[in-house]
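Residue-level listing of the chains:
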Amino acid sequence: MSEELSGNEYRQQRIENMNKLEEAGFPAFGKAFERTDSLDKLHADFEVDKIVKACGRIVAIRKMGKMAFAHISDGTCKFQLMVKKDLIGDDNFEAFKLLDLGDIVGVEGEMFITRTEEETVRVSSWTLLSKALLPLPEKFHGLTDKETRYRQRSLDLISNPEVMDIFKKRTQVMREIRSFLDGRGYNEVETPMLQQIAGGAAAKPFMAHYNALNVDVFMRIAPELYLKRLIVGGMDRVYEMNRNFRNEGLDRTHNPEFTCLEIYQAYGDMRTMQELIQSMFTHLAETIFGKMEFEWMGNTINLQTPWREVPYHDLVKEHLGADWFDKTLDEAKAKAAELEVHIEEGADFKQVTHEIYDKTIEGTLIQPTFITRLPAELVPLANPCADNPELVDVFELIIGGKEIAPAYSELNDPIEQRKRFEEQAAGDGSKIDEDFLSALEYGMPPTGGMGIGIDRLLMLLTGSDAIRDVILFPQLKPRG
RNA sequence: GGUCCGGUAGCUCAGUCGGUAGAGCAUUUGACUUUUAAUCAAAGGGUCCUGGGUUCGAGCCCCAGCCGGAUCACCA
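Here's a quick rundown of the structure. Keep in mind it's a predicted model, so treat the numbers as computed, not measured.

## Details of unusual backbone geometry
In terms of backbone geometry, most residues other than glycine have negative phi values and most peptide bonds are trans.
No. 1: Here Thr305 and Pro306 are connected by a cis peptide whose omega angle stands at 0°.
No. 2: Relative to the helices and strands, Pro306 is located in the loop between strand S13 (299-302) and strand S14 (308-311).
No. 3: The phi torsion at Glu340 lies on the positive side, around 60°, for a residue other than glycine.

## Focus on the environment of Ala132
No. 1: Inspection of the secondary structure puts Ala132 in the loop between strand S5 (119-130) and helix H5 (146-151).
No. 2: Looking at Ala132, the relative accessible area reads 12%, which means it is buried.
No. 3: Those residues in contact with Ala132, other than ones at most four positions away along the chain, are Arg14, Leu101, Gly102 and Asp103.

## Quick notes on the pattern of salt bridges
No. 1: Under the defined criterion, the tally for this structure stands at 30 salt bridges.
No. 2: Note that Arg243 is salt-bridged to Glu257, the shortest N-O span being 2.6 Å. With a gap of 14 residues between them, Arg243 in strand S10 (residues 237-245) and Glu257 in strand S11 (residues 257-266) connect regions that are remote in the sequence.
No. 3: Close ionic contact of Lys335 with Glu338 constitutes a salt bridge, the shortest N to O distance being 3.5 Å. One end of the pair is Lys335 and the other is Glu338, both in helix H11 (residues 329-338) and three residues apart, which spans about a single turn.
No. 4: With relative accessibility at 58%, the residue Glu338 sits in the exposed group.
No. 5: Residues joined by salt bridges that share partners form a network here, namely Arg149, Arg153, Asp156 and Asp469.

## Quick word on helix H7 (residues 161-183)
No. 1: With 23 residues, H7 should cover 33 Å at 1.5 Å per step; its first-to-last C-alpha distance of 32 Å lies within 8% of that length.
No. 2: Residues of H7 that are buried include every one of Val163, Ile166, Phe167, Lys169, Arg170, Val173, Met174, Ile177, Phe180 and Leu181, and no others.
No. 3: Residues of H7 that are buried make contact with H5, helix H6 (153-159), S10, S11, helix H9 (270-289) and helix H15 (454-462).
No. 4: Backbone geometry just downstream of H7 places Gly185 in the positive-phi region, at approximately 85°.

## Describing the layout of surface pockets
Where empty space is left can be seen by rolling a probe of water-molecule size over the atoms.
No. 1: In this model, the second largest pocket occupies a volume close to 720 Å³.
No. 2: Along the wall of the second largest pocket there are 27 residues; nearest its centre are Val59, Ser73, Lys78, Ile158 and Ser159.
No. 3: Of all the secondary structure elements, the ones that give two or more residues to the lining of the second largest pocket are strand S1 (51-63), H6 and H7.
No. 4: Split into classes, the residues belonging to the lining of the second largest pocket amount to twelve nonpolar, six polar and nine charged.

Conventions adopted
Residues numbered from 1 in each chain as written. Chains lettered and ligands numbered in written order. Predicted model: local features only at pLDDT ≥ 70, side-chain atom pairs only at ≥ 80, totals over all residues. Heavy atoms only, no water. Helix = DSSP H or I, 4+ residues; strand = E, 2+ residues; numbered from the N terminus. Buried < 20%, exposed > 50% of the residue type's maximum accessible area, 1.4 Å probe, protein only. Contact = heavy atoms within 4.5 Å. Salt bridge = Lys/Arg side-chain N within 4 Å of Asp/Glu carboxyl O. Expected span 1.5 Å × (residues − 1). 1 Å grid on protein atoms, 1.4 Å probe; cavity = no way out; pocket = protein on both sides within 12 Å on 5 of 7 lines; lining within 4 Å. Points joined across faces, edges and corners; volume = space filled by probe spheres on them. Nonpolar A, V, L, I, M, F, W, Y, C, P; charged D, E, K, R; others polar.

Structure, rendered in structure tokens:
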């Protein structure tokens, strides 16, 4: 309440200024303005004495007796304006002095360079495009309160250029991913977000009700089972990059809706995906960021390929000793206790090993690393390795100690697939996607598939520590 | 969910031992034709997150709650 009341004082003053401006012949909310170019382009094509039309939000203003300087910003960059009373006349100058920080204006004038060597527009006429009734955050420190930044992203974008930059990078990355994949012959497709069976992953779904059919539907947790139907149908290379929804916790690396890129390639396998992701990531790093080294969460990460590849068992032996897989269950549990890793009742040797891996090994893999040949129990939807049916032909890509992308040589045996679904569903037949299974029974070619968490990739590329810094409108609790 | 940290002017932040609520920017008024965190002079602006409690007296201490952050746990 207090902020609204005192906010109203600022608002009241601005409304008074607005009324005075309107009396002086400056309507507060103008029409479309045909500018010569955006402010970054005006700087790029700067020419002394060139007459230009520019527009933007006033982010700084220095008024003097008979002249004034201001900076406008349009989200690309800033540009300085100079307004002189003798050039634009008394009335226009007095009206200009009624402008407030945050107002959006359009100006016309010739470009020149000031004594302090700043490219500037000498204003010959100006128009008010939109009056700002509320004050902007402070110019020097900007807006730093994280809660306000996430809740009022407009303000965040206005006052923090580095935030604008991150989201422009996000746009570029997504565009470049599409053009990279399109160039390699992959088809972008859209599959259902509303699904009657939420398959393709193990996660709690969001639910909704579809009135027209009178059925409950789920927001998808993964597009996987639909993309594989397309592989069966003969779309040999498909991808989808869009939102998944998971009704689970929310923290620094999890948002309930997140963007995932899933790629499938018929007649390929996990190796196909391994080549693809290395080429794609280095391409993004080079073309958009112009570098291969990224600072992320206190580490320097080098994306130079080829990336390290290590079979799961070798990695475990590296950290836990060459004789690890000769140990007994009790010895393994003792080691877990020593490492302060909590083990559930009834865990077997493989589960103990994986728990230790999860808690103490994965986080140490800072440089890009493919973990391959995982135990089949850990990965239910992958084909076994040719030389060992207990292992599956997959990789998990770890960067900065975080899982960035899993890839599989996809399971295409419908009988085995049904068996695994039945184990997963634990007796609840309504959870088994029969339609998908019958698609598989028509025959799915050997297929390589991969999922990439786009938000986490962007965290890495932009050096962001929190997923909320790469999602424009992150989920927050309603204000109390 | 556990633990720890935070919430004070529009914004960024101070606030000592429990004793009249502070600064910078922003705002208002005045001066100022090359400023750029403009400068100079003056002024106004507060439900100290909410609700209880202790006390003669609470921004400060205690309890409960709300929101945010960090971290651990859970969760493919």
